[in-house]
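As a plain string of letters, each chain reads:
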Amino acid sequence: MLQLKTLVTDKVEEAAGLLAAGQLVIFPTETVYGLGADATNPEAVSRIFWAKQRPADNPLIVHIWDYAQVEQLAHSVPDYARALMDEFFPGPLTILLPKTAAIPAITTAGSDKVCLRMPSLPLALALLKAAGRPIAAPSANISGRPSPTRWQDCLEDMEGRVAAILTGPEASHGLESTIVDCSGPRPILLRPGAITLEQLTLVAPGIGVVRPGQGGPVTPGMKYRHYAPQARVLLLPPGELPVTSIENTAYIGLTPPAFKPTYSLIASSPEDYARQLFAFFRECDRRGLSFIYAEPIAPTGLGRALMNRLYKAMGE
Ligand code: TXA
Ligand code: MG
C-alpha cells in the first residue's frame, strides 16, 4: 500500500498549500478532527475514500468559511434553512441542500444533494480561507473507528495515508455536527449533535426527526457501524452491577459505578461526557480492555446525541 510521509505542522499556510494542490490534510474543528481535500477536485476527493477506507456510497460534508459559498454550492435554499444558518453558522450544524454543478458527484457519492458546514474553530476557518476552496472532510478516523478528538489520535489512524496533519486544540464538543435535511418543505433532523433538537426547534418549530427503521430519509452513513472501540460497549444504569466478569473492564458515566473497574472516567456534566467519550474509547483500546460499561443518560438536550453515539458503538 502507498505510504506517504505525513507532515505534522502548526502552520496554516503550509497546510492550505497542500489542500490547494489536491493533497489530504487533517485539521481540527470544534466537533472532531476532519480529513480534508478540495471538494471540487474529484481526484483529491477520491484520496479521502482510499485513506479512510470509506465505502464509496457514503457522501462527504463540504466545509465553507463564507455565507456567499452557500449560493455557489447549493440552490433552492428555503427560508427556514437561512434562519438556521443565521443562528448556528459558524458552529456544529450541517445542512443538506440541493447541490449545484460546482460539487462533483464523487463528493456526494452520486447524490444531487450536498451537506454544508461552517466550522466555528478559528483555526479551521483560517485554513479554509487560506485554501480558498470548499473542503470535503469526513471525520479523520479509519471507517468504523471512533472519531478523533485530538491530533495524536489522527496520527494513530492516518500516519502514512495523508500529506499533513494541522495540529490544534482538543475538540471542544467531541461529537460530530448535528445534520439537518433542508431540501424539503420542512427541516428534518438526520443526525443529532452538539446543536440540540430543543435549540433547533426554537428557530425552526416545524422540525421533524428521523428514527432508524422508520423509513424516510436517513444519512447513508447511518447504516454503517460507527464510533466503535474494539471492546464491547454495554449500558449500565446507576447502582447496577455488570453482567460480565469485571476483569479488563472500563466504565464511563456521570455517577461513580457500584463496582471497581480496571479503568474509569467520571464526567462532570453531559457536555463533559460527550467531549471525552471518543478519546475514552480509544484509550480503552490501547489498554486492550474487553468491556466498556457506559451510564445511559436521558435522551434530551445533548443526551440525544450522546445516546445515539453509545447505541452506534454497541452495534445497534
Ligand atoms: O462534525 C462533523 O460533521 C465532522 C467534522 C469533520 O466536520 N464531519 C463528519 O463527517 O462527521 P462524516 O463523514 O464522518 O459524517 C458525515 C455524515 C455521514 O453519515 C454521511 O452519510 C452524511 O453525513 N452525509 C454527508 N453528505 C451527505 C449527503 N449529500 N446526503 C446525505 N447524507 C450525507
Ligand atoms: Mg465519521
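Note that this is a predicted model, so its numbers are computed, not measured.

Asks: Teacher, can you tell me more about helix α5 (residues 122-131) here?
Replies: Turn by turn, an α-helix covers 3.6 residues, leaving residues three or four places apart pointing in a common direction. Within the sequence span of α5, burial applies to A124, L127, L128 and A131. Down the axis of α5, the sector holding all buried residues measures 95 degrees, keeping them to one side. For α5, exposure combined with an orientation more than 90 degrees from the buried face picks out P122 and K129. Check the buried side of α5 and you find it contacts α1 (12-20), β2 (25-27), β4 (61-63), β7 (135-136) and β8 (164-166).

Asks: Any chance you could explain the packing of α1 against α5 here in plain terms?
Replies: When two helices pack together, their arrangement is given by the angle between the helix axes and the distance between those axes. The N-to-C vectors of α1 and α5 enclose an angle of 50 degrees; their axes lie 8 Å apart at closest approach. Our classification of the angle between α1 and α5 gives oblique. Considering only the axes of α1 and α5, their crossing is right-handed. Residues V12, E13, A15, A16, L19 and A20 of α1 form the contact with α5, whose own contacting residues are L123, A126, L127, A130 and A131. Residues belonging to the contact of α1 with α5 are distributed by class as follows: ten nonpolar, no polar and one charged.

Asks: Please explain α1 as it appears in this structure.
Replies: Of the residues making up α1, those classed as buried are V12, A15, A16 and L19. Burial along α1 is one-sided: seen end-on, the buried residues are contained in an arc of 100 degrees. For α1, the secondary structure elements touched by its buried residues are β2, β3 (34-38), α5, β7 and β8. In the stretch just after α1, G22 is the one whose phi turns positive, near 90 degrees.

Asks: Just checking my understanding: could you explain the packing of aromatic side chains for this structure?
Replies: All told, the structure shown has four aromatic pairs when counted by the stated rule. Ring centres of F259 and Y293 lie 6.1 Å apart, and the angle between their planes is 80 degrees; this geometry places the pair in the edge-to-face category. Of the two residues, F259 sits in the loop between β13 (249-253) and β14 (263-266) while Y293 sits in strand β15 (residues 291-294), which places them 34 residues apart along the sequence. Judged by centre distance (6.5 Å) and plane angle (50 degrees), the rings of F278 and F281 are tilted. Here F281 and F278 lie together in helix α8 (residues 270-286), a separation of three residues that amounts to about one turn. You can call F281 buried: its relative accessible area is 0%. The ring centre of W50 lies 5.6 Å from the NZ or CZ of R161, which sits over that ring. Lying across the ring of Y263, R287 places its NZ or CZ 3.8 Å from the centre.

Asks: For this particular structure, what's the right way to read unusual backbone geometry?
Replies: Most peptide bonds are trans, and most residues other than glycine sit at a negative phi. Here F89 and P90 are connected by a cis peptide whose omega angle stands at -10 degrees. Phi at Q53 takes a positive value of approximately 55 degrees, unusual for a residue other than glycine. The residue Q53 is located in the loop between α2 (42-52) and β4 in this model. Phi at A109 takes a positive value of approximately 50 degrees, unusual for a residue other than glycine. When you line up the elements, A109 lands in the loop between β5 (93-98) and β6 (113-117).

Asks: I'm lost on the sheet that holds strand β1 (residues 7-9) in this one. Help?
Replies: Sheet strands pair by backbone hydrogen bonding; their relative direction is either parallel or antiparallel. Taken together, the eleven strands give an open sheet; going across it, the order is β1-β8-β2-β3-β7-β4-β6-β5-β9-β10-β11, and neighbouring strands pair in mixed fashion. Every other strand in the sheet has two partners, leaving β1 and β11 (208-209) as the edge strands with one partner each. When β2 meets β8, the two strands line up parallel, connected through two bridges. Residue I26 lies in a different strand from β8, and its bridge partner there is I165.

Asks: For this particular structure, what's the right way to read the nonpolar core?
Replies: Note that soluble globular proteins tend to have their nonpolar side chains buried in a common cluster. One finds I26, L35, L84, L93, L97, L116 and L200 to be the most contacted residues of the largest nonpolar core, which totals 46 residues. Those elements that place two or more of their residues in this core are β3, α2, α3 (68-73), α4 (79-88), β5, β6, α6 (151-158) and α7 (197-203). Formed by 25 residues, the second largest nonpolar core is a distinct cluster that contains A250, F278, F281 and L289.

Asks: Please clarify how the side chain of R145 should be interpreted in this entry.
Replies: With respect to the helices, strands and loops of the structure, R145 is situated in the loop between β7 and α6. A polar side-chain atom of R145 sits 3.4 Å from a polar atom in the side chain of D285.

Asks: Is there a simple way to explain the sheet that holds β14 in this structure?
Replies: Read across the open sheet, the four strands follow the order β12-β15-β13-β14; overall the sheet is parallel. The two strands at the open ends of the sheet, each matched to only one other strand, are β12 (232-235) and β14. Ignoring strand direction, the axes of neighbouring strands in this sheet form an average angle of 15 degrees. Its contacts with the sheet put α8 on β12, β13, β14 and β15, and the angle it makes with β13 is roughly 170 degrees.

Conventions adopted
The numbers attached to residues start from 1 for each chain and follow its sequence in the written order. The order in which chains are written sets their letters, starting at A; the order in which ligands are written sets their numbers, starting at 1. In keeping with the predicted nature of the model, local features appear solely for residues at pLDDT of at least 70, side-chain atom pairs appear and are counted solely at 80 or more, and the whole-chain, interface and lining totals rest on all residues. Just so you know, side-chain values use all the structure's heavy atoms and leave hydrogens and water out. Exposure is judged per residue with a 1.4 Å probe applied to protein chains only, and the accessible area is read against the type maximum: over 50% gives exposed, under 20% gives buried, and values in between give partly exposed. Under the DSSP-based scheme used, a helix requires at least four consecutive residues in state H or I and a strand at least two consecutive residues in state E, with every element numbered from the N terminus. Think of the arc as the fan of directions from the helix axis to the C-beta atoms. Any two residues whose heavy atoms approach within 4.5 Å are treated as being in contact. Axes here mean lines fitted to C-alpha atoms, for a helix over just the part in contact, with angles spanning 0 to 180 degrees between N-to-C directions. Roughly parallel means an angle under 35 degrees; roughly antiparallel, over 145; roughly perpendicular, 65 to 115; everything else is oblique. Note on convention: the crossing is left-handed when the near helix lies turned anticlockwise from the far helix by less than a right angle, right-handed when the turn is clockwise. Under the scheme applied, nonpolar residues are Ala, Val, Leu, Ile, Met, Phe, Trp, Tyr, Cys and Pro; charged residues are Asp, Glu, Lys and Arg; polar residues are all the others, including Gly. Between rings of Phe, Tyr and Trp, where Trp is taken as its six-membered ring, a pair exists when centres lie within 6.5 Å; planes separated by under 30 degrees are stacked, by over 60 edge-to-face, and by other angles tilted. When the NZ atom of lysine or the CZ atom of arginine is within 6 Å of a ring's centre and also within 35 degrees of its normal, the charge is said to sit over that ring. Pairing between strands requires that DSSP locate at least two bridges from one strand to the other. Nonpolar core, defined: a set of buried Ala, Val, Leu, Ile, Met, Phe, Trp, Tyr and Cys residues in which side-chain atoms within 4.5 Å join the residues together. Polar contacts here mean pairs of N or O atoms no more than 3.5 Å apart (in protein, one a potential hydrogen donor and the other a potential acceptor; neighbouring residues in sequence count only if both atoms are side-chain atoms).

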